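Structural description and commentary
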Amino acid sequence: MKDLSSLQLSELQEYIASLDEPAYRAKQIYGWIMKGVGFDGMSNVPKKLIEKITDNGGYIRTANIKKKFVSKDGTIKYLMELFDGELIESVIMSYKHGYTICISTEAGCPMGCAFCASTLGGLKRRLYPSEMLSQIAQAQLDINNRVDGIVLMGIGEPLDNYDNVIKFLKIVGSPDSFNIGYRHISLSTCGVVDKIYDLAKEDLPITLSISLHASTDEQRSAMMPINKRWNIEQLLTACSDYFKTTGRRISFEYSLASGKNDSPNDAHKLISVLKKYCKDMPLHVNLIPINATGRGFSSPEKDNIYTFASILNNAHITATVRRTLGSDINASCGQLRSGEKK
Ligand code: SAH
């Protein structure tokens, strides 16, 4: 059995050569796969060859749009179904300069963050590279347009599915497939520290986002169990190493939850911890008003959010407040999938 849709072009070329077929067939088939077209629709590929491939155990794995929700602000959320019935979510956000897609990397999530809907029910399984690529292909077909940015911020922890995510990144940036520039790709992690060191060595100039969300270990461990495995000092030291190795700036995500981590004192503690461990790098914090998912966390008042941001900005830490896109369609990750399961 071979998942042809998780291959780089060179690998598909080897496979086609192993079937004694001419090399140009690999290019044709690869082009179709990346467009989201299955064997049935490959109009310039002989039926005989497709039969030979399938008899040989070759197959294409896709993510299929099961439901679609369109927000007033243009954000589109897809519930996609995988070959084994697992459900994932992808979101298309439209900006002035084009479309960005938020994709899932796992069905469910093992990380257990206390505020997040994606982790309810735990991890079902990790996604194959083909299933990450297919989310993009299917969304592009649906919007009839090209996506030019990707955020790995959907369901799942990308660094918990490390090898498949790296393979996906290598394929998606290649001119043979989606040709999406690495500078337009962001990977977000809750802080799988050993993999941050590995990622730094991959030579992929993507943007790393760190879900920090707290400024003390006590506070962070209560929100994010991963902090008991690697604490803030270990996480921020890995970030500093990542910057030294790659020269790529890191974006820190901080979800603000009323009464939990949103006081001026929390802002000052955040400043000192960032300046302590990451003093040699440009500091950027993205503030996300927490999306209430019925798990005891609620968004602060607007004033508190802007006060928090201005304290950071006054300390020369660039703080931006994330626009909440698609709130009328439950566009935050995990909400649709968990709703569907009930
Ligand atoms: N597992 C990765 C990728 C998920 S990205 C990570 O943890 O970074 C999704 C981002 O949204 C993360 O920063 C996550 O902590 C945050 N998030 C999850 N649930 C949220 C909620 N209810 N409100 C606001 N942010 C949330």
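Preceding block: the structure.
Throughout what follows, the structure given in this document is the object of discussion. (Residues numbered from 1 in each chain as written. Predicted model: local features only at pLDDT ≥ 70, side-chain atom pairs only at ≥ 80, totals over all residues. Heavy atoms only, no water.)

Take the packing of helix α6 (residues 193–200) against helix α9 (residues 232–246) next. Relative orientation and spacing of two packed helices are given, respectively, by the angle between their axes and the distance between those axes. In contact at an axis separation of 9 Å, α6 and α9 are set at 5 degrees when each is read in the N-to-C sense. For the element pair α6 / α9, the angle class is roughly parallel. Note on element contacts: α9 touches α6 through Gln234, Leu235, Thr237, Ala238, Asp241, Tyr242, Thr245 and Thr246, opposite Val193, Ile196, Tyr197, Leu199 and Ala200. Its residues placed into classes, the contact of α6 with α9 shows 8 nonpolar, 4 polar and 1 charged. (Axes fitted to C-alpha atoms, helices over the stretch in contact; angles between N-to-C directions. Helix = DSSP H or I, 4+ residues; strand = E, 2+ residues; numbered from the N terminus. Parallel < 35°, antiparallel > 145°, perpendicular 65-115°, else oblique. Contact = heavy atoms within 4.5 Å. Nonpolar A, V, L, I, M, F, W, Y, C, P; charged D, E, K, R; others polar.)

The nonpolar side chains of a soluble globular protein tend to be buried with one another. Judged by nonpolar contacts, the single largest core of 106 residues is most densely connected at Ile150, Phe168, Leu169, Leu236 and Phe252. In this structure, this core is formed jointly by two domains, domain 1 (2–59) and domain 2 (64–341), each of which donates at least three residues. Sequence-distant contacts of Ile150, that is, excluding residues within four places in its chain, are made with Thr100, Ile101, Ile103, Ile136, Phe168, Val172, Ile180, His184, Ile185 and Ser186. (Core = buried A, V, L, I, M, F, W, Y, C linked by side-chain atoms within 4.5 Å. Buried < 20%, exposed > 50% of the residue type's maximum accessible area, 1.4 Å probe, protein only. Domains from an automatic or database assignment.)

Glancing now at the sheet that holds strand β6 (residues 98–102). Taken together, 10 strands build an open sheet; the order of strands is β3-β4-β5-β6-β9-β10-β11-β12-β13-β14 and the sheet is mixed. Lying at the two open borders of the sheet, with one neighbouring strand each, are β3 (64–70) and β14 (318–321). With strand direction ignored, the average angle separating the axes of adjacent strands in the sheet is 25 degrees. Sheet topology places strand β10 (residues 185–189) next to strand β11 (residues 207–211); 4 bridges connect them, and they run parallel. (Pairing = 2+ DSSP bridges.)

Within the sequence span of α6, burial applies to Val193, Ile196, Leu199 and Ala200. One face of α6 carries all of its buried residues, which in axial projection span an arc of 110 degrees. (Arc of directions from axis to C-beta.)

Our focus in this paragraph is the site of the ligand. In the vicinity of the ligand there are 16 residues, among which Glu157, Ser188, Ser211, His213 and Asn291 approach most closely. Ser211 places a polar side-chain atom, nitrogen or oxygen, 2.6 Å from an oxygen atom of the ligand. In this structure, Ser255 approaches the ligand through a side-chain N or O atom, which is 3.1 Å from a nitrogen atom. Out of a free accessible area of 530 Å², the ligand has 92% covered by protein chains. The class makeup of the residues in the shell around the ligand is 6 nonpolar, 9 polar and 1 charged. (Near = heavy atom within 4 Å. Polar contact = N/O pair within 3.5 Å; in protein donor to acceptor, adjacent residues only side chain to side chain. Areas by Shrake-Rupley, 256 points an atom, 1.4 Å probe, with all protein chains shown as cover.)

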